[in-house]
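Spelled out, the chains give:
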Number of protein chains: 2
Amino acid sequence: MGKTLAVSPLAPAAFPDLPVIDGVTFATAAAGVRYARRTDVMLALLAPGTAVAGAFTKSATRAAPVLDAQAKLGGASNSGAAILVNSGNANAFTGSAGQTSVAALCAAVAGTTGIPDNRVFTSSTGVIGEVLPHSKIIAVLDDLTAAQSATAIKDAARAIMTTDTFPKGASADISVNGTPVRIAGIAKGSGMIAPDMATMLVYIFTDAQMDQAALQALVSGQVERSFNAITVDSDTSTSDSLLVAATGKSGVDVTGNADFADALAGVMLDLAHQVVRDGEGASKFVEVQVTGAANDRDAKTHAMAIANSPLVKTAIAGEDANWGRVVMAIGKSGAAADRDLLSIWFGNLKVAEKGWVSPDYDEERASAYMKAQELVIRVDLGLGTGQFTAWTCDLTHGYIDINADYRS
Amino acid sequence: MGKTLAVSPLAPAAFPDLPVIDGVTFATAAAGVRYARRTDVMLALLAPGTAVAGAFTKSATRAAPVLDAQAKLGGASNSGAAILVNSGNANAFTGSAGQTSVAALCAAVAGTTGIPDNRVFTSSTGVIGEVLPHSKIIAVLDDLTAAQSATAIKDAARAIMTTDTFPKGASADISVNGTPVRIAGIAKGSGMIAPDMATMLVYIFTDAQMDQAALQALVSGQVERSFNAITVDSDTSTSDSLLVAATGKSGVDVTGNADFADALAGVMLDLAHQVVRDGEGASKFVEVQVTGAANDRDAKTHAMAIANSPLVKTAIAGEDANWGRVVMAIGKSGAAADRDLLSIWFGNLKVAEKGWVSPDYDEERASAYMKAQELVIRVDLGLGTGQFTAWTCDLTHGYIDINADYRS
């Protein structure tokens with residue numbers, strides 16, 4: 001690593017106070033997987049009865065821990081579960097050695113904790129293509145098991161960082177028929193000073209009660225409008241993983257409960273936004289709203305084409321109200337669009353309508369708007385009711401510095 | 001404009017000597033569309049009997065001249081034809097005013113030259129969203145018609161430049177049963193200092209004889225492996241246009257002639273490579289070869305995912321032999337891949353095989369290879385016989401400078 005990056009200008013003021021989730025404990029250790037003088041492993045233990053749902057990268061070259069965790073999701077929940085995460089090495093593109101490492105880690109956690117190994121979920125994040133020194137991690141498992149604490153979630157958020165510039169956490173606290181239900185989550189991602197550390201990892205815990213199938217359905221539905229709606233540079237990690245664990249310790253069954261669904265969605269979106277705010281070189285946080293598309297799928301295609309366009313993102317970095325590049329991105333996306341029905345807004349300023357610059361367009365006001373740190377670009381296709389909102393950051397010299405100029 | 005860019009380090013040593021094509025003449029003028037003190041309009045006149053084929057941007061927001069030219073391609077060829085091109089203004093996203101300008105220009109060329117207006121093809125390249133001042137162009141049409149010259153093709157290549165750093169030309173000279181047949185082409189594209197000047201324009205002329213339908217079929221087939229196989233930044237212009245004009249003046253019918261097809265493919269590929277060599281901020285020219293894919297379509301998907309990946313392109317800029325990012329790009333592309341069958345080469349150096357780093361991998365040799373100005377990245381999927389080769393450039397601070405820091 002060597003070089004320490006300054007904290008992103010878009011970072012929250014402080015790590016939030018996260019509630020204790022009954023049925024979940026954490027511990028962290030410095031195993032020396034790759035980094036010196038910092039924690040790099042976290043172990044979370046989940047009480048018997050916990051349901052675990054998840055979502056993973058769709059990459060065709062996904063890493064061994066991802067394949068293993070995906071296969072275990074449907075498993076029984078009456079025996080507790082464990083989540084073991086290391087930073088510094090992604091255990092990705094490591095051939096059969098990758099599977100060997102995952103199996104060794106899961107067996108060791110099972111031996112130390114008594115949790116069956118088909119309920120041990122692992123994630124690894126860091127360099128690609130190097131064999132994971134799993135014995136270093138196994139060597140700290142006794143300590144990790146002994147040190148478990150219900151209040152160590154912030155330590156866990158720090159241990160899973162690679163080149164993130166700040167730890168990421170979010171929570172919600174709702175009341176269901178007078179009984180409190182809590183959600184707390186942590187994430188890492190998008191600060192890529194060293195090559196191939198793009199991985200986004202997210203762990204969310206709740207004391208709500210829900211069976212695994214219902215929880216999985218809820219999570220799968222919500223991921224589309226949160227983690228699958230953000231982009232930093234259009235490149236997809238081989239290791240992205242999200243796990244949501246419901247311990248049931250509140251005694252409140254939230255199956256079908258809209259308040260819980262909204263609260264979980266809020267925590268997921270908050271963490272997703274924090275990942276964008278820590279995007280490499282980011283100086284602006286940008287919301288891209290697409291409405292009036294033929295359908296929601298087309299709206300997403302347009303929104304992601306805008307959010308991923310290097311020309312749109314460099315224009316934002318340059319504080320240039322360059323709506324022509326938004327037109328270009330819509331045109332190239334492949335989804336339905338009619339040039340002469342298009343309208344585009346930067347914030348509340350209508351910049352283009354009916355296939356042409358808006359008669360109200362004022363270059364000076366548009367340029368003044370672009371100086372803000374948080375921007376909204378809105379496009380209405382004028383075709384139907386499809387809509388989607390995506391979040392991205394700008395493309396700056398900082399991105400080139402981080403990804404071209406250094407190597408760990 | 002204001003700022004003049006240095007010529008790309010990847011530019012050819014000099015503009016090539018292009019052969020005169022019997023049946024084609026050119027003239028250029030300084031109409032003052034946007035630029036001062038340079039030519040910005042070119043008019044090419046094509047003899048009666050000329051067949052004109054073409055290929056255009058697939059953008060859903062394509063510009064008025066593109067829509068007009070596309071509609072005219074199938075037209076009769078016994079009355080000659082004209083190609084009128086201006087730089088400085090793209091006449092894109094200009095609503096009904098865009099169509100009015102195109103109609104006015106075509107009618108004026110018809111009036112001045114006697115060529116029917118359904119045989120007048122126009123292209124415009126430059127800023128998006130501003131009405132084309134077509135009367136400035138109409139004012140120079142008499143001069144352009146009077147000044148026609150068979151040897152002015154290099155002047156034409158210069159007049160169509162926007163922020164290109166060098167004019168682009170290529171040619172071929174073959175013999176068919178002892179009779180010479182010549183091809184000469186010019187192109188502009190990819191030097192985008194001012195916003196929204198991404199347009200690629202290509203004009204190729206030959207004295208070969210071929211009917212329009214056969215020429216169109218040949219061009220449509222060849223564009224896939226040349227202009228549709230290059231990328232600078234994954235962003236697609238609203239105005240990309242290629243026209244191929246066959247005057248027939250050699251008297252040689254080349255329908256079905258493999259030598260002619262190869263020569264035309266060579267000219268197209270040469271011009272396509274020159275566009276990449278003038279990519280914004282480019283310091284490396286990169287060939288991405290994909291073999292062993294399930295089919296050619298999948299091979300193209302993988303090749304373009306690698307060629308468009310910001311992480312791959314920044315690694316190349318940093319002369320970092322970062323094969324892990326190539327694995328990532330293959331994984332995210334969506335086309336079929338099996339991690340454990342993948343092999344990757346940088347030049348002749350095998351860096352990865354069977355889902356892992358190659359046992360022969362030598363970091364020092366790989367790093368030395370990355371210092372070259374021209375690089376080859378080869379991927380074999382190990383799945384089938386599908387193959388595709390794409391060309392790209394690196395992503396440097398120069399790209400950010402050009403697209404974020406300046407505005408015309």
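On a predicted model such as this, the values are computed, not experimentally measured, just so you know.

The rules behind the values
- Residues numbered from 1 in each chain as written.
- Chains lettered and ligands numbered in written order.
- Predicted model: local features only at pLDDT ≥ 70, side-chain atom pairs only at ≥ 80, totals over all residues.
- Helix = DSSP H or I, 4+ residues; strand = E, 2+ residues; numbered from the N terminus.
- Rg over C-alpha atoms; globule rule 2.2 N^0.38 Å.
- Buried ≥ 20, exposed ≤ 12 C-beta atoms within 10 Å, placed from the backbone.
- Contact = placed C-beta atoms within 7 Å.
- Domains from an automatic or database assignment.
- Nonpolar A, V, L, I, M, F, W, Y, C, P; charged D, E, K, R; others polar.
- Pairing = 2+ DSSP bridges.
- Axes fitted to C-alpha atoms, helices over the stretch in contact; angles between N-to-C directions.
- Core = buried A, V, L, I, M, F, W, Y, C linked by C-beta atoms within 7 Å.
- pLDDT = per-residue confidence, 0-100.
- Parallel < 35°, antiparallel > 145°, perpendicular 65-115°, else oblique.
- Left-handed = near helix turned anticlockwise from the far one by under 90°.

Our focus in this paragraph is the overall build of chain A. What chain A contains, in helices and strands, is twelve helices and 15 strands. Here the C-alpha atoms of chain A give a radius of gyration of 22 Å, agreeing with the 22 Å that 2.2 N^0.38 yields for 408 residues. Taken along the three principal axes of its C-alpha coordinates, chain A extends 70 × 55 × 35 Å. For chain A, buried positions account for 60% of its 408 residues. When contacts within chain A are restricted to residue pairs at least 6 apart in sequence, long-range pairs at least 24 apart make up 82% of them.

Residue and element names in this part refer to chain A. Each assigned domain of chain A is listed here: domain 1 (24-277) and domain 2 (285-405). A straight line from the C-alpha centre of domain 1 to that of domain 2 covers 33 Å. Counting residues at the interface gives ten residues for domain 1, matched by eleven residues for domain 2. Grouping the amino acids of the side of domain 1 that touches domain 2 by side-chain chemistry returns six nonpolar, three polar and one charged.

For the rest of this paragraph, the subject is the sheet that holds strand S3 (residues 51-56) of chain A. Residue and element names in this part refer to chain A. Pairing is mixed across the open sheet formed by five strands, whose spatial order is S3-S9-S8-S7-S6. Of all the strands in the sheet, just S3 and strand S6 (168-176) have a single pairing partner and so form its edges. Ignoring strand direction, the axes of neighbouring strands in this sheet form an average angle of 10°. Taken together, the nine bridges between S6 and strand S7 (residues 179-188) define a ladder with antiparallel strand orientation. Pairing of Val176 across the sheet is with Thr179, part of S7. Most of the contacts of helix H6 (residues 212-223) go to S3, to which it runs at about 30°, and overall it touches S3 and strand S9 (241-246). The strands touched by helix H7 (residues 258-277) are S6, S7 and strand S8 (201-206); relative to S6, the strand with the most contacts, the crossing angle is about 170°.

Residues and elements named next belong to chain A. Here we have six strands laid out as an open sheet, ordered S13-S12-S11-S14-S10-S15, and mixed in their pairing. The open sheet terminates on both sides in strands that have one partner only, identified here as strand S13 (356-357) and strand S15 (386-393). Here strand S10 (residues 285-293) pairs with S15 via seven bridges, running antiparallel. Note that in S15 the partner of Phe285 across the bridge is Cys393.

Take helix H10 (residues 323-332) of chain A next. Residues and elements named next belong to chain A. Where burial is concerned, most of H10 is hidden: ten out of the ten residues are buried. Every buried residue of H10 is listed here: Trp323, Gly324, Arg325, Val326, Val327, Met328, Ala329, Ile330, Gly331 and Lys332. Buried residues along H10 sit against helix H8 (296-308), helix H9 (310-317), strand S11 (343-346), strand S12 (349-353) and strand S14 (374-380). Directly after H10, the chain includes Gly334, whose backbone phi takes a positive value near 95°.

Time to look at the nonpolar core. Counting residues in each nonpolar core, the largest one holds 273 residues, and the members touching the most others are Ala44 of chain A together with Ala44 of chain B. Beyond its immediate sequence surroundings of up to four residues, Ala44 of chain B is in contact with Val24, Phe26, Ala82, Ile83, Ala156 and Tyr203 of chain B.

Residue and element names in this part refer to chain B. Two strands pair when backbone bridges link them, and strand S11 (residues 343-346) and strand S12 (residues 349-353) are joined in this way by four bridges, in the antiparallel orientation. The residue bridging Ser343 from the neighbouring strand is Glu353, located in S12. Between S11 and S12, which pair antiparallel in sequence order, lie two residues; one of them, Gly347, sits at a positive phi of approximately 65°. Sheet topology places S12 next to strand S13 (residues 356-357); two bridges connect them, and they run antiparallel. Across the sheet, the residue bridging to Ala352 is Val357, located in S13. In textbook terms, the turn of a hairpin is the stretch between consecutive antiparallel strands, and for S12 and S13 this stretch comprises two residues, one of which, Lys354, has a positive phi near 50°.

Before going further, it helps to spend a moment on the environment of Ser101 of chain A. Residue and element names in this part refer to chain A. Within the secondary structure, Ser101 sits in helix H2 (residues 95-113). Between the alpha carbons of Ser101 and Ser135 there is a distance of 8.7 Å; along the sequence they are 34 residues apart. Once you skip the residues sitting within four places of it in the chain, Ser101 turns out to touch Ala64, Asn91, Leu132 and His134.

Below, the discussion takes up the confidence of the model for chain A. For chain A, the mean per-residue pLDDT works out to 86, and 93% of the residues sit at or above 70. At the level of chain-chain contacts, confidence expressed as ipTM amounts to 0.76, with global pTM at 0.80.

Helix-helix packing is characterised by the crossing angle of the two axes and by the distance between the axes. Residue and element names in this part refer to chain A. Interaxial distance between H9 and H10 falls to 9 Å at its minimum, and their mutual angle equals 160°. As the angle between them shows, H9 and H10 are arranged roughly antiparallel. Crossing geometry of H9 relative to H10 is assigned as left-handed. Contacts between H9 and H10 involve Leu311, Val312 and Ala315 on the former and, on the latter, Arg325, Val326, Met328 and Ala329. Partitioning the contact of H9 with H10 into residue classes produces six nonpolar, no polar and one charged.

Turning to helix H1 (residues 64-72) of chain B, its buried residues number three or more, namely Ala64, Pro65, Val66, Asp68 and Ala69 of chain B. Those residues of H1 of chain B that are buried are in contact with strand S3 (51-56), helix H2 (95-113), strand S5 (120-127) and strand S9 (241-246) of chain B.

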